[in-house]
Amino acid sequence: MNPHAMLVSTLSLLLGTTITISSNHWVMAWTGLEINTLAIIPFISKPHHPRAIEATIKYFLVQATASALLLFSSMSNAWATGQWDITQLTHPTSCILLTIAISMKLGLVPFHFWFPEVLQGSSMTTALLLSTALKLPPITILLMTSHSLNPTLLTIMAISSAALGGWMGLNQTQIRKILAFSSISHMGWMVVIIIYNPNLTLLTFYLYTLMTTTVFLTLSTTKTLKLTTMMTSWTKTPMLNTTLMMTLLSLAGLPPLTGFLPKWLIIQELTKQEMTLTATIMAMLSLLGLFFYLRLAYYSTITLPPNTTNHMKQWHTNKTTSTPVAILTSLATLLLPLSPMILTTL
């Protein structure tokens, strides 16, 4: 991509996100979301491959529909109440329309169909942006309006997302699609608790972003796109693959790794809210995700490909691991002992 176009698109992404997360007025929030959508399109369509163009069109159509719904929701609320403030969303129809619009933006079930396809058509870096940075503005809007939304609807959507994210990830061989379904599943965990403890949703989002960034950057370093190439990457960077296994298990939510913290706190909070059945269902559904994370970990580290060489694999490589990947891997696996300090910030 042309460096000037790259710079303009990157700055537009930062600007769009900043406008949305700092605005109180619906029109400003909508403007920020639109800037984000237009800024990411060059990144998705950059490879000039039919799959990338298809992904770009799908992404644009879905995001345009979601933005139109969000604008319609805010206008109907302003028509009924005279309020353009984001926190003053009180009209019932507007609340449902907003839930649908944000669900489309985030890729929540049943509006998730576009997300795996768009990620599959994007490069690893763009897929990382779509999975993390571009989810922050819609989650912020959901956070500011959470007191007005329907708890039953959000709980049903959250459980459906956790279930479908787990089920659909089981039979995938493309790593970007697996990570897309993993993202859908994690969004379910964030949405289920947003009405009862919004700060916990933000904490879950930050930790999810941290772990997903680590996984994407590691896979980008080893140039791994599907499970079969994952098996052969062990011989190139054994140490990086070992840390990738730890990060994947952290993403699955296994103790004593970082990813256990948000799941533990969410289940605890749901139990406090006397939603024991919801907590039990979410905990059971996380086993589905655990299965495909374990499969990825197994492929990355435990399975060695057939090879003709007789010598032992050396535990060193000429390539040095980049410092950001090393720092992110440490954070994505070792933050659980800091949980008392993290809890004081909630």
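These numbers were taken from a predicted model, which means no experiment stands behind them. (Residues numbered from 1 in each chain as written. Predicted model: local features only at pLDDT ≥ 70, side-chain atom pairs only at ≥ 80, totals over all residues. Heavy atoms only, no water.)

Looking at this model, I keep getting lost on the overall build of the protein. Mind explaining?
Across its full length, the protein carries 16 helices and 0 strands. The C-alpha radius of gyration of the protein comes to 20 Å, within 12% of the 20 Å expected for a compact globule of 346 residues. For the protein, the C-alpha atoms occupy an extent of roughly 75 × 50 × 35 Å along the three principal directions. Each of the 346 residues in the protein was classed as buried or not, and the buried ones make up 54%. Intrachain contacts of the protein at a sequence separation of at least 6 include 76% that bridge at least 24 residues. Working note: accessible area of the protein is about 15,500 Å², and carbon and sulfur atoms make up 70% of it. Looking at charge distribution, the protein has the averaged site of its 15 positive side-chain charges lying 21 Å from that of its 6 negative ones. (Helix = DSSP H or I, 4+ residues; strand = E, 2+ residues; numbered from the N terminus. Rg over C-alpha atoms; globule rule 2.2 N^0.38 Å. Buried < 20%, exposed > 50% of the residue type's maximum accessible area, 1.4 Å probe, protein only. Contact = heavy atoms within 4.5 Å. Areas by Shrake-Rupley, 256 points an atom, 1.4 Å probe, with all protein chains shown as cover. Lys, Arg positive; Asp, Glu negative; His and termini not counted. Charge placed at Lys NZ, Arg CZ, Asp CG, Glu CD.)

Got a minute to help me understand a nonpolar patch on the surface in this structure?
Residues Leu 38, Ile 53, Ile 57, Phe 60 and Leu 61 make up a contiguous nonpolar surface patch of roughly 470 Å² in combined accessible area. Among the elements that take part in the nonpolar patch, helix H3 (residues 50-81) stands out by supplying 4 residues, more than any other. Structurally, the position occupied by Ile 57 is in helix H3. Residue Ile 57 is classed as partly exposed on the basis of its relative accessible area, which comes to 49%. (Patch = residues over 30% accessible without salt bridge, like charges linked within 9 Å, V, L, I, M, F, W, Y side chains within 5 Å. Salt bridge = Lys/Arg side-chain N within 4 Å of Asp/Glu carboxyl O.)

How should the UniProt feature "transmembrane region" (unreviewed entry) in the protein be read in this particular structure?
UniProt's entry tags residues 57-76, 96-115, 152-171, 178-196, 202-219, 240-261, 281-304 and 325-343 with the feature "transmembrane region" (unreviewed entry), counted in the numbering of this structure. Taken end to end, residues 202-219 comprises 100% helix and 0% strand; its first and last C-alpha atoms sit 26 Å apart. Span residues 325-343 is 79% helix and 0% strand, its end C-alpha atoms 26 Å apart. (UniProt positions renumbered as here; feature names shortened; annotations may be inferred.)

Just checking my understanding: could you explain unusual backbone geometry for this structure?
Most peptide bonds take the trans form, and the phi angle of most residues other than glycine is negative. The omega torsion across Val 109 and Pro 110 is 5°, close enough to zero to call that bond cis. Relative to the assigned elements, Pro 110 resides in the loop between helix H4 (92-106) and helix H5 (114-120). In this model, Pro 255 is joined to Pro 256 through a cis peptide bond whose omega is 10°. Summarising the element assignment, Pro 256 is placed in the loop between helix H12 (238-252) and helix H13 (260-272). Positive phi values are uncommon outside glycine, yet His 48 reaches one of about 55°. On the secondary structure map, His 48 appears in the loop between helix H2 (26-45) and H3. Judged by its relative accessible area of 69%, His 48 is exposed. One non-glycine residue, Lys 223, lies in the positive phi region at around 55°. Take Lys 223: it is sitting in the loop between helix H10 (198-222) and helix H11 (227-232).

Help me understand the nonpolar core, please; the structure alone is not making it clear to me.
Side chains of nonpolar character tend, in soluble globular proteins, to be buried together. Residues Tyr 59 and Leu 130 are the most contacted members of the largest nonpolar core, which totals 92 residues. Examining the composition of this core, we find that 12 residues originate from one element, helix H9 (residues 175-193), more than from any other. Taken domain by domain, the makeup of this core includes at least three residues from each of domain 1 (1-123) and domain 2 (150-307 + 320-345). (Core = buried A, V, L, I, M, F, W, Y, C linked by side-chain atoms within 4.5 Å. Domains from an automatic or database assignment.)

What exactly am I supposed to notice about helix H1 (residues 3-22) here?
Given a rise of 1.5 Å per residue, 20 residues ought to cover 28 Å, and the 28 Å separating the end C-alpha atoms of H1 matches this to within 8%. Of the residues making up H1, those classed as buried are Ser 9, Leu 13, Gly 16, Thr 17, Ile 19 and Thr 20. Axial view of H1: buried residues confined to an arc of 165°, hence all on one face. Looking at H1, the residues exposed on the side facing more than 90 degrees away from the buried face are Pro 3, His 4, Val 8, Leu 11, Leu 14 and Ser 22. Of the surrounding secondary structure, the elements contacted by the buried residues of H1 are H2, helix H6 (124-131) and helix H7 (136-145). Measuring from the backbone nitrogen of His 4 back to the side-chain oxygen at the start of H1 gives 2.8 Å, which picks out Asn 2 as the cap. (Expected span 1.5 Å × (residues − 1). Arc of directions from axis to C-beta. Polar contact = N/O pair within 3.5 Å; in protein donor to acceptor, adjacent residues only side chain to side chain.)

Is there a simple way to explain the packing of H9 against H13 in this structure?
For any two helices packed against each other, one specifies the crossing angle of their axes together with the interaxial distance. Between H9 and H13, whose axes approach to 10 Å, the crossing angle comes to 35°. The element H9 and its partner H13 pack so that their crossing is left-handed. Contact residues: H9 offers His 186, Trp 189, Val 192 and Ile 193, while H13 offers Lys 263, Ile 266, Ile 267, Glu 269 and Leu 270. A breakdown of the residues in the contact of H9 with H13 according to their chemical character gives 6 nonpolar, 1 polar and 2 charged. (Axes fitted to C-alpha atoms, helices over the stretch in contact; angles between N-to-C directions. Left-handed = near helix turned anticlockwise from the far one by under 90°. Nonpolar A, V, L, I, M, F, W, Y, C, P; charged D, E, K, R; others polar.)

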